[in-house]
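Below, each chain spelled out in residue letters.
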Amino acid sequence: MEDLLGKDLNEIQAICQELGVAKFKAKEIFRAVNQKLITNLSELTTLKLEERNKLAESFFISTLQPANREKSAETIKALFCLADGKLIETVFMDAREERKTLCLSSQVGCLIGCAFCATGQLGFKRNLTVAEILGQVYYFAREHKISNLVFMGMGEPFLNYDNVLKAIDILNIEIGLNIAARKIVVSTIGIISGIEKFAQASKQLRLAWSLVSPFEQTRQQLIGYAGLPTIQETVAALAKYQSLTKRRITIEYVVLDGINDSIPDAVELGNIAKQLDSHINLIPYNSSPGQKFTRGKVQNMLAYLKNNGLNTTVRQSLGQEISAACGQLAGLPNDSGNQRT
Ligand code: SF4
């Protein structure tokens, strides 16, 4: 049996052709799965019974159901257990009436291994499938109208580029949830091949770069990934991306006490930001048990950067009480929390 979730319109058209179902019905099937969010093929009532039966002989529609769900005033965190028993977390943020954001995972674990991040400490398990990425969205979309998506959960999205971009295409299409491309942010540690491919994406998707430290040595100590490009290599790739797309990027910066929150750090962060059309988003570190890091001097950095004309904001921390704030997810049933950018 094959999963219908994760198939794009072309693939569904090919399935229809193979099964002898009228090709125009592919759109109805796609809409039923990705917009009406049906979970059972018996709900495909626009198909003849015979067509439905043919489809059901070979296909099913997968769903993600949380093994655990925690709620705070403005966030809901779901822990999903995948078909192979692996765990991922997804956070729904409902801070403003007009903005309902879902923070999505793209991998189980992560290869990058950032020292301040629980996911990085888990190591890399595997990439999520397109269906598993969509499943996170559709679970919450059955309860809420999602307006924004951020790929800032578990994993490095550009190391699962094809599945992430295919899921985005399915989420963005008019006969799907029709989530606007400019409301979808993909956050990377700076994977050059991903930045280059992302520059070719025709949609107005938004890109965020997690810098971590403006100094090479500190950055490499905090990010344990052997394949990490240098800051200047990443800046060059981002500049090329901007010359092609004309899109502003966000530089994300998790502020760690005594590590990357000094005035020289702010000066160098500003120098890097000035090389790009960028907006700096300072992320207050949310401390967790067992962590050696503490929250840095966010307001000092903000004041310096703003006084020097740099477009800078501070990310609002939501859901700290349930370890769902930015980067506190660990993907464990009894999540003690940890920092992720
Ligand atoms: S911060 Fe992001 S890139 Fe780094 S280990 Fe965590 S999930 Fe991976």
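Definitions and limits used
Residues numbered from 1 in each chain as written. Predicted model: local features only at pLDDT ≥ 70, side-chain atom pairs only at ≥ 80, totals over all residues. Near = placed C-beta within 6 Å. Nonpolar A, V, L, I, M, F, W, Y, C, P; charged D, E, K, R; others polar. Domains from an automatic or database assignment. Contact = placed C-beta atoms within 7 Å. Helix = DSSP H or I, 4+ residues; strand = E, 2+ residues; numbered from the N terminus. Buried ≥ 20, exposed ≤ 12 C-beta atoms within 10 Å, placed from the backbone.

Asker: In this structure, what is going on with the site of the ligand? I would like to understand it.
Answerer: In the vicinity of the ligand, 13 residues are found, and the nearest of them are C110, I112, C114, C117 and G120. Looking at the shell around the ligand residue by residue, the classes come out as six nonpolar, five polar and two charged.

Asker: In this structure, what is going on with the domain arrangement of the chain? I would like to understand it.
Answerer: Much of the literature gives interface size as the accessible area that the parts lose upon coming together. Partitioning the chain into structural domains gives domain 1 (2-60) and domain 2 (66-322). Distance between the C-alpha centres of domain 1 and domain 2: 34 Å. Contact with domain 1, which involves ten residues of that partner, is made by 14 residues of domain 2. With four residues, helix α2 (residues 25-34) is the single largest residue contributor to the side of domain 1 that touches domain 2. Looking at side-chain class alone, the side of domain 1 that touches domain 2 contains three nonpolar, three polar and four charged residues.

Asker: How do you make sense of unusual backbone geometry when you look at a structure like this?
Answerer: With glycine set apart, most residues show a phi of negative sign, and most peptide bonds adopt trans. Of note in this structure, N178 is not a glycine but carries a positive phi near 60°. The residue N178 is located in the loop between α6 (161-172) and β10 (184-188) in this model. A count of 11 C-beta atoms within 10 Å places N178 in the exposed class. For K246, which is not glycine, the phi dihedral falls at a positive 60°. One can find K246 in the loop between α9 (231-245) and β12 (249-255).

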